[in-house]
Amino acid sequence: NAEVKLHIGERLSKGMIAHQVLGPDSRRIGTYDDNHFLNTIMYEVEFDNEQVWEYGANVIAENMISWVDEDGFSSPNMKAIVDC
């Protein structure tokens, strides 16, 4: 499971990507795209306060990019999204 920092409202919180969100037909919700910003597959993220929220892969990717500074450096929040 990958660790991420995402916003819950105005507050930045640390959480873990748990797994893909499945619909009532047991199919994943969202559409995969090689372009991370167009990938809308939904993931459940479990936060330290035990709340569980759903985020699209595109939102997670956008958030990761926002942590890169003007020199291209960042502290790694996540290596990859992998659902087994």
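None of these values were measured; they are calculated from a predicted model. (Residues numbered from 1 in each chain as written. Predicted model: local features only at pLDDT ≥ 70, side-chain atom pairs only at ≥ 80, totals over all residues. Heavy atoms only, no water.)

1. Some details on the overall build of the chain
Within the chain, the regular secondary structure consists of 1 helix and 4 strands. Each helix and strand of the chain, placed in order from N terminus to C terminus, yields the pattern β-β-β-β-α. In the chain, which comprises 84 residues, the share counted as buried stands at 29%. Taking the contacts inside the chain whose residues are at least 6 apart along the sequence as the reference set, 39% of them involve residues at least 24 apart. (Helix = DSSP H or I, 4+ residues; strand = E, 2+ residues; numbered from the N terminus. Buried < 20%, exposed > 50% of the residue type's maximum accessible area, 1.4 Å probe, protein only. Contact = heavy atoms within 4.5 Å.)

2. Notes on the sheet that holds strand β3 (residues 42-47)
Strand order in this open sheet of 4 strands is β1-β2-β3-β4, and the pairing throughout is antiparallel. Of all strands in the sheet, those with a lone pairing partner are β1 (3-8) and β4 (52-56), marking the two edges. Between one strand axis and the next, the sheet turns by 50 degrees as a mean value, whatever way the strands run. Pairing of β1 with strand β2 (residues 11-20) involves 6 bridges; the strand directions are antiparallel. Bridge assignment links K5 to a residue of β2, and that residue is K14. (Pairing = 2+ DSSP bridges. Axes fitted to C-alpha atoms, helices over the stretch in contact; angles between N-to-C directions.)

3. Regarding the environment of D25
Counting through the fold element by element, D25 comes out in the loop between β2 and β3. What makes D25 exposed here is its relative accessible area of 52%.

4. Some points on unusual backbone geometry
Residues other than glycine seldom take positive phi values, yet S26 does so here, at roughly 65 degrees. At E50, a residue that is not glycine, the phi angle is positive and equals roughly 75 degrees. Relative to the helices and strands, E50 resides in the loop between β3 and β4. Given the relative accessible area of 73%, E50 is considered exposed.

Spatial relationships are all this shows, so hold off on functional conclusions.
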